[in-house]
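Results of the structural survey
Spelled out from the first residue to the last, the chains are:
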Amino acid sequence: MPANRYKFANLLIPLEKMLNKKSVFSIVFWLLLAGTSVTAVTFAGLYLYLSPKLPPVDSLRQVKLQTPLRVYSSDGKLIGEFGEQRRTPLKYNQIPPLYLKALLAAEDAEFFEHHGVSLKGMLRAASQILKSGEIQSGGSTLTQQLARDFFLSRKQVFSRKFNEILLSIQIEQEFTKEEILELFNNKMFFGNRAYGLQAAAQIYYGKDVQELTIAQNAMIVGMLKAPSAYNPIVNPKRAMTRRNWIIGRMYELKFIDKPAYDVAIREQNTASIHGSGQETQAPYISEMARKEAIDRFGEAAYTDGYKVYTTVDSSMQAAAQAAVINGLMNYDERHGYRGSERRLAPSASPELEDWQDQLQAMPSLGGLEAMAITAVADKSITLLQANGEKLELDWQHGLSDKRPYISEDSRGASPKSAKDFLHIGDVVRVGKDKDGQPRLTQVPEAQSALISLDPMSGAVRALVGGFDFNQSHFNRVLQGARQPGSSFKPLVYTCALENGFTPATMINDAPIVIRNEWTGEIWRPENDDGEFDGPISFRRALYRSKNLVSIRILKSLGVETVINSLERFGFNKKEFPRELALALGAHALTPMQMATAYASFANGGYKIDPHLISRIENGKGEVVFEANPKRVCKTCPDTPPPTDPSIAEADKASGEAVIEQQHAPRIIDARVAYIMDSILKDVVDKGTGVSAKSLGRTDLAGKTGTTNGPRDLWFSGYNPNLHTTVWVGIDKNTPLGKREFGSTAALPIWIDFMRTALEGIPNQTTRQPDGIVTVRINPETGKPAQPGDTNAIFEIFPTEISAEGSTPAGIAEEAPADETLPEGVL
């Protein structure tokens, strides 16, 4: 019995073990089932609770990425950009494959395999934390990052992570992989106001995305993790470590081969801050366009991707910028060296880092860089540049000719040593000479403005409001009202031709005394050269810019008559002083006002309205504004309907502009305009503008202007295609120097600009209108020539005014008692 019991017990032991195993498995199974159920219930509860609160992912299709306002020239060159976020959205097919490889290698190698969430990626991130203490490849997929950046905060809480996962799955269901990548690369921030891949390529490398190397693509991708910590400019060492890891990862995943890896890993860090990719410098124009866009669209102009297309020609604008800078530099060199801009305190750093910081805060002005002197020898100086590099200038690079400024009319002797006028710590400006070599110079004290218009439409072709926008935002073309001097005379002479004067009318160029009947003050005006020619023809008096003749003409016509005639040019007649000094351009006007008036001489007598913007497009490329300026039409009726609008708004619904072409009204009789044009051509041919003949053209006309002091120097000139006005002066309205005239300072700028602006354009002949006759006259009397007159010349007249007896009656001045005038002389 005991033996049987023992056997039975032995049989029960395996059975017990089997039951125990089953029990353990059962317990584990039920525990797992319970855990899974709880988890499922929890997640289901979270889903049911959070899902209704999630934003609809299809809203991504209507998302408006902040895109800056951009300003373009008429030939499509970028000239300005405004907005906090620099962004140029790209389509998927515009994203370079190399960049996508770098992105996937660093952030989401399984992107094309997962459905929004990658368990493998999470496990890899956890492994990297255990091994190195930090995540190198992201634990979140690109879709998760996109969901977070568009819809969620970066606050590290469980609910946010769960929302991120849910949104990612929904995004993957709603969008293709290509659409997700497109959204991702246009949204992400890369530091330095760069949003999106294209902006990052431009800001860090000054390139289009298609031009980036493997190393540069990897560097840009590296910044996604932390734009500041891995910025190649702020933290170059960390950025290089991150970049090299990405390159290695690309090789590991067989995205690049070994030779490409070797080249990329050896590439130096070439990142630096670039501008917004502006292709033409036109800051004053950009600012004008910005104001126009803000007036039309409000603050949305900065974020909604508007594109403003101007009428400015990029090559003309570049020529205008260069001409103004060169002209002012040449003027400045004639008047002496004023010394350093400032002197820096002794540096506390052996590497002069504090000096370098101060230099970096001083902007380049007109291409002149601020540098600090670190050593001075007899015939050379050593300079510290803003980038920390040193530059040495020898005696022949702007040191030997630095005669000191004493006044606007005098300079001191040339220096014998650099130590005579330079010291350690001096901040000076360095530019380049005509050979591109560095040269000591200075920022000019004088300023200039240039405005160039198409006389047939009023389109602004080039505009420069000062030496450098960074120096002063004051736009002298629009805001700088200054006395135009003799350049105003053609407007008075136009009125005279309309009131009986002819080019042959003789006027006495002699001293005149004007007494103010209210104050009793005596005014004795003079000619610029201090000389008097006696009786002189109307034509000759203008091209030789005779002040006394202009005063006599104005007095003969009457001040009110002349002022009334000025209103047609766009001036406010109420602003003009009722005095004879008006004949000499004593009333302040802006360069834009003068250019607008002169355009009527260039186009044959029509009134145009200047305009800068040709059209504006919204972020979708739809035209929302299009200019419809009044254009000169010489074969159309002279008087267009006065109620016609000058601007047509685009039809917002269809995006198509409804435009009816408007015609510029005639404001000067065709015969008068032709005669004035011929006299202004004489200014260039044999008058005060003769240096313009250096352009080798026969279709140029214009007039110089010089005010008392002189304080303002002008030249307004044109050919039938283009009118340009140039002003030179000092903002403080101080004298420029007694040897300076419109012909010495303003006209050279005009010539430099027009040489480029008119290049390739053939000479044009102005067609003589009906009602003009040519008569052979005696130049000393202005009367028809007699047989035997050996000095006779040909002159043009309107048909209804005879050459003989053409002078209006009346002498309107107090002439000296012993003055006797020939018959017919005013």
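Rules used in this analysis
Residues numbered from 1 in each chain as written. Predicted model: local features only at pLDDT ≥ 70, side-chain atom pairs only at ≥ 80, totals over all residues. Heavy atoms only, no water. Helix = DSSP H or I, 4+ residues; strand = E, 2+ residues; numbered from the N terminus. Buried < 20%, exposed > 50% of the residue type's maximum accessible area, 1.4 Å probe, protein only. Contact = heavy atoms within 4.5 Å. Areas by Shrake-Rupley, 256 points an atom, 1.4 Å probe, with all protein chains shown as cover. Phe/Tyr/Trp six-rings, centres within 6.5 Å; stacked < 30°, edge-to-face > 60°. Lys NZ or Arg CZ within 6 Å of the ring centre and 35° of its normal. Axes fitted to C-alpha atoms, helices over the stretch in contact; angles between N-to-C directions. Parallel < 35°, antiparallel > 145°, perpendicular 65-115°, else oblique. Nonpolar A, V, L, I, M, F, W, Y, C, P; charged D, E, K, R; others polar. pLDDT = per-residue confidence, 0-100. Salt bridge = Lys/Arg side-chain N within 4 Å of Asp/Glu carboxyl O. Patch = residues over 30% accessible without salt bridge, like charges linked within 9 Å, V, L, I, M, F, W, Y side chains within 5 Å.

Turning to the overall build of the protein, a few remarks are in order. Looking only at helices and strands, the protein features 20 helices and 27 strands. For the protein, the residues scored as buried account for 50% of the 826 residues in total. When contacts within the protein are restricted to residue pairs at least 6 apart in sequence, those whose partners lie at least 24 apart make up 69%. Carbon and sulfur atoms provide 53% of the accessible area of the protein, an area that totals close to 38,900 Å².

A word on the packing of aromatic side chains. Geometry of an aromatic ring pair is reported as the spacing of the ring centres plus the angle between the planes. What the rule picks out here adds up to 15 aromatic pairs. Both rings, one in Tyr 72 and one in Tyr 309, keep their centres 5.1 Å apart while their planes meet at 15°; by these two values the pair is stacked. Remark: Tyr 309 occurs in strand β3 (residues 307-310) and Tyr 72 occurs in strand β1 (residues 69-72); sequence separation between them is 237 residues. Tyr 72 gets classed as buried once you look at its relative accessible area, which sits at 13%. With a relative accessible area of 13%, Tyr 309 lands in the buried category. Aromatic pair Phe 488 and Phe 576: ring centres 6.1 Å apart, planes at 40°, arrangement tilted. One end of the pair, Phe 488, is in the loop between β13 (460-464) and α14 (489-497); the other, Phe 576, is in the loop between α17 (559-566) and α18 (591-602), with 88 residues separating them in the sequence. Accessibility classification places Phe 488 together with Phe 576 in one group, the buried group. Feature note: the residues Phe 488, Phe 569, Phe 571, Phe 576, Tyr 598 and Phe 601 constitute an aromatic cluster, connected by ring pairs. When the ring centre of Tyr 230 is taken as reference, the NZ or CZ atom of Arg 242 above it lies at 5.9 Å. For Lys 379, the ring lying beneath its charged end belongs to Trp 395, and the centroid distance is 4.2 Å.

Between two packed helices, both the angle of their axes relative to each other and the distance between the axes serve to describe the pair. Between α14 and α17, whose axes approach to 10 Å, the crossing angle comes to 105°. With respect to their mutual orientation, α14 and α17 come out roughly perpendicular. Note on element contacts: α17 touches α14 through Thr 561, Val 562, Ser 565 and Leu 566, opposite Leu 491, Val 492 and Cys 495. Of the residues belonging to the contact of α14 with α17, the class tally is five nonpolar, two polar and no charged.

A few words now on the confidence of the model for the protein. When the pLDDT values of the protein are averaged, the result is 85; 82% of them are 70 or greater. In the model, residues 40-53 has pLDDT below 50 throughout and makes 10 contacts with residues more than four positions away in sequence or in other chains. Within the model, the stretch residues 801-824 combines pLDDT values under 50 with 41 contacts to residues more than four positions away or in other chains.

Under the defined criterion, the tally for this structure stands at 32 salt bridges. Arg 429 is paired through a salt bridge with Glu 341; the nearest N and O atoms lie 2.5 Å apart. A residue pair is termed long-range when its members are at least 10 positions apart, and Arg 429 in strand β10 (residues 426-432) and Glu 341 in the loop between α12 (314-333) and β4 (342-343) qualify at 88 residues. Residue classification places Arg 429 among the buried residues on the basis of a relative accessible area of 4%. Since its relative accessible area comes to 41%, Glu 341 is described here as partly exposed. When the shortest N-O distance is used, the salt bridge between Asp 533 and Arg 544 registers 2.5 Å. With Asp 533 in the loop between β16 (522-523) and β17 (534-537) and Arg 544 in the loop between α15 (538-543) and α16 (547-557), this pair connects stretches of sequence that are 11 residues apart. In this structure Asp 533 comes out as partly exposed when scored by relative accessible area, which is 28%.

The next subject is the side chain of Gln 317. Within the secondary structure, Gln 317 sits in helix α12. With a relative accessible area of 0%, Gln 317 lands in the buried category. The residues contacting Gln 317, other than those within four sequence positions of it, are Thr 280, Gln 281, Ala 282, Ile 285, Val 312, Arg 461, Ala 462, Leu 463 and Val 464.

In this section: a nonpolar patch on the surface. A surface patch of nonpolar side chains, amounting to about 260 Å² of accessible area, comprises Ile 233, Val 234 and Ile 273. By secondary structure assignment, the location of Ile 233 is in the loop between α8 (214-222) and α9 (236-252).

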